[in-house]
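What the coordinates show
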Amino acid sequence: MAALNATGTGQKIHNFNGFETRTPFLIGVAGGTASGKSTVCRKIMEKLGQDSIDHRQRQVVCVSQDSFYKELTDEEKILANKGLFNFDHPDAFDNDLIYKTLKEILNEKVVNVPVYDFRKNSRKKDEVMTIYPADVVLLEGILVFYFPKIRDLFHMKLFVDTDPDTRLSRREWLNAENKRLFRRIIFLLTKRILNRSDMPSIHTQLRKTELFWAGLVVRMPEKHLPKCIFLGELRTGAYSHGGQKKSYKDTLKVVLKDCNIDPNTWETLAQNCPAQRSAVTKGVARYDQHRILTAQNKHATKKYADVIIPRGADNEVAIDLIVQTIRDLLQSHSRFQIQGISHDRRIARSRHYSDSQVTRPH
Ligand SMILES: Nc1ncnc2c1ncn2[C@@H]1O[C@H](COP(=O)(O)OP(=O)(O)O)[C@@H](O)[C@H]1O
Ligand SMILES: O=c1ccn([C@@H]2O[C@H](COP(=O)(O)O)[C@@H](O)[C@H]2O)c(=O)[nH]1
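A quick note: this is a predicted structure, and the numbers were derived from the prediction, not measured.

**Digging into the overall build of the protein**
- Of regular secondary structure, the protein possesses 13 helices and 10 strands.
- Taking all 362 residues of the protein together, the buried fraction comes to 45%.
- Long-range contacts, defined here as pairs at least 24 residues apart, represent 69% of the contacts in the protein between residues at least 6 apart.
- With the model as given, the accessible surface of the protein reaches about 18400 Å², and the carbon-plus-sulfur share is 53%.

See the structure below:
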């Protein structure tokens, strides 16, 4: 539990589970998609009465790892539109920015984090979320414990553990208009089925089909329509009518690289059907192996948690325990306390305030 030491300078130092730290106290909240991470964080904020406080005055703030999704390149956007981009891979996030932001938060700086637009798979232009210095900062996300450098910054690590079928059932079936939710439904569903039947992932199968088809096109006689359309474009890097630049060439290049096949020698390789088949089979197997290892590593981040919350937001007992721990941390500061007790800190922190924020933390 948290203990507090007063230093000679009057500065307060927490001693929590062997860590010595000044505020802010950083809490990581990991768990699978739709496990209830945001809901757990929202409940914590509500129970601490923080949701009703102006965001510049809050002692507890919550940030989502989703804000740090990387900007996709044009090629990646094409893959994403085809459902071929893996948003659950650790590299899908701007991990350098996550680290830099957490370090700034730990140094009590005002930080601006990007606002991610799931519909466009990109950051919103001219919009940021300003995080003001707080005593406790929660960062929730599917992969917040993946990279040791980031993981080691947390003073406390929570894992929201909700079984995959419940997560799947939570998807909003009626909201099929919403592309993001729809993609997640398909993703979770196929993942469950493929895992159960021990088949390669949908990402792997799509790559295999795409490469076999691309090889077939290379071997077609020159005048065949698919060859004119696809490889004409592939050779010259032409614009497709009304479409995006070099779409076929670029997506094929990404898929080839994923499968460790050199895009520069691909056409020569594809002329030799058995050689191409063997290279694709090997490349796809390698890709699937890499994908499985990444998924295992990702899943294994649960082992780094200090507290595992089974049933997510339904687990009131676990949430109350966490809330009480945060309350203890906050109340151990003589200058400011939560819920109804005076906030000298508002004055003490007024130098940090700025009017630059556009949106507010949830
Ligand atoms: N305990 C729960 N019971 C019912 N629905 C829940 C529960 N926890 C979360 N949900 C719902 O499931 C969906 C995903 O929850 P969310 O907290 O956004 O998950 P995550 O942040 O892990 O993706 C949301 O629509 C949310 O309202
Ligand atoms: O552009 C995107 C970015 C991410 N996703 C998916 O969203 C979830 C994020 O996890 P949560 O736990 O729900 O916050 C993840 O499964 C990504 O695959 C997306 O669909 N589109």
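**Here we look at the state of the cysteines**
- Applying the stated criterion across every chain yields a total of 0 disulfides.
- No disulfide involves C62; its nearest neighbouring cysteine sulfur is the one of C41, lying 3.8 Å away.
- Judged by its relative accessible area of 1%, C62 is buried.

**Points about the environment of N260**
- Turning to its location among the elements, N260 is positioned in the loop between α9 (247-258) and α10 (266-271).
- In sequence terms N260 and M220 are 40 residues apart; their C-alpha atoms lie 24 Å from each other.

**Section: the sheet that holds strand β10 (residues 307-310)**
- If you walk across this open sheet you meet the 5 strands as β5-β8-β4-β9-β10, and the pairing is parallel. One side of each edge strand has no neighbouring strand; the edge strands of this open sheet are β5 (60-64) and β10. Here the strands of the sheet are splayed against their neighbours by 20 degrees on average, with no regard to which way each runs.
- Here strand β9 (residues 156-161) runs beside β10; their pairing, made up of 4 bridges, is parallel. Across the sheet, residue V160 finds its bridge partner in β10, namely I309.
- The strands touched by helix α1 (residues 37-47) are β4 (25-31), β5, β8 (136-140), β9 and β10; relative to β8, the strand with the most contacts, the crossing angle is about 165 degrees.

**Remarks on the side chain of R207**
- Structurally, the position occupied by R207 is in helix α7 (residues 202-219).
- Classification of R207 by relative accessible area gives buried; the value is 3%.
- When neighbours within four sequence positions are excluded, R207 is seen to be in contact with L84, V255, D258, C259 and Y287.

**Focus: the side chain of R58**
- As for its placement among the helices and strands, R58 is situated in the loop between α1 and β5.
- Put simply, R58 is tucked away with no salt bridge, and the nearest opposite charge, on D51, sits 6.8 Å away.
- From its side chain, R58 meets the backbone oxygen of Q50 in a polar contact 3.0 Å long.
- One polar contact links the side chain of R58 to the main-chain carbonyl oxygen of I53, over a distance of 3.0 Å.

**Description of the domain arrangement of the protein**
- As far as domains go, the protein holds domain 1 (2-185 + 302-348) and domain 2 (197-298).
- At the interface, 13 residues of domain 1 touch 14 residues of domain 2.
- Between domain 1 and domain 2, roughly 1300 Å² of surface is buried when both sides are summed, and carbon and sulfur atoms account for 63% of that area.
- For the pair domain 1 and domain 2, the number of links is 0 salt bridges.
- Taken together, the connections running from domain 1 to domain 2 amount to 0 residue pairs in polar contact (both at pLDDT 80 or more).
- Across the side of domain 1 that touches domain 2, the residue classes tally to 7 nonpolar, 3 polar and 3 charged.

**Details of the nonpolar core**
- Among the nonpolar cores identified, the biggest contains 50 residues, and L102, I131, L139, F154, L211 and W266 are the most heavily contacted of them.
- With residues up to four places along the chain from it excluded, the contact list for L139 reads I27, G28, V29, V63, S64, Q65, F68, I98, L102, V144 and F154.

**Examining the pattern of salt bridges**
- In the structure shown here, the tally under the stated rule is 9 salt bridges.
- In this structure, R56 engages D54 in a salt bridge whose closest nitrogen and oxygen atoms are separated by 3.2 Å.
- With its nearest N and O atoms 2.8 Å apart, the salt bridge here joins D258 to R207. In this pair, D258 is assigned in helix α9 and R207 in helix α7, connecting sequence segments 51 residues apart.
- One connected set of salt bridges, linked through shared partners, spans K43, K47, E316 and D320.

Rules of the game
- Residues numbered from 1 in each chain as written.
- Chains lettered and ligands numbered in written order.
- Predicted model: local features only at pLDDT ≥ 70, side-chain atom pairs only at ≥ 80, totals over all residues.
- Heavy atoms only, no water.
- Helix = DSSP H or I, 4+ residues; strand = E, 2+ residues; numbered from the N terminus.
- Buried < 20%, exposed > 50% of the residue type's maximum accessible area, 1.4 Å probe, protein only.
- Contact = heavy atoms within 4.5 Å.
- Areas by Shrake-Rupley, 256 points an atom, 1.4 Å probe, with all protein chains shown as cover.
- Disulfide = S-S within 2.5 Å.
- Pairing = 2+ DSSP bridges.
- Axes fitted to C-alpha atoms, helices over the stretch in contact; angles between N-to-C directions.
- Lys, Arg positive; Asp, Glu negative; His and termini not counted.
- Salt bridge = Lys/Arg side-chain N within 4 Å of Asp/Glu carboxyl O.
- Polar contact = N/O pair within 3.5 Å; in protein donor to acceptor, adjacent residues only side chain to side chain.
- Domains from an automatic or database assignment.
- Buried area = accessible area lost by both parts, 1.4 Å probe.
- Nonpolar A, V, L, I, M, F, W, Y, C, P; charged D, E, K, R; others polar.
- Core = buried A, V, L, I, M, F, W, Y, C linked by side-chain atoms within 4.5 Å.

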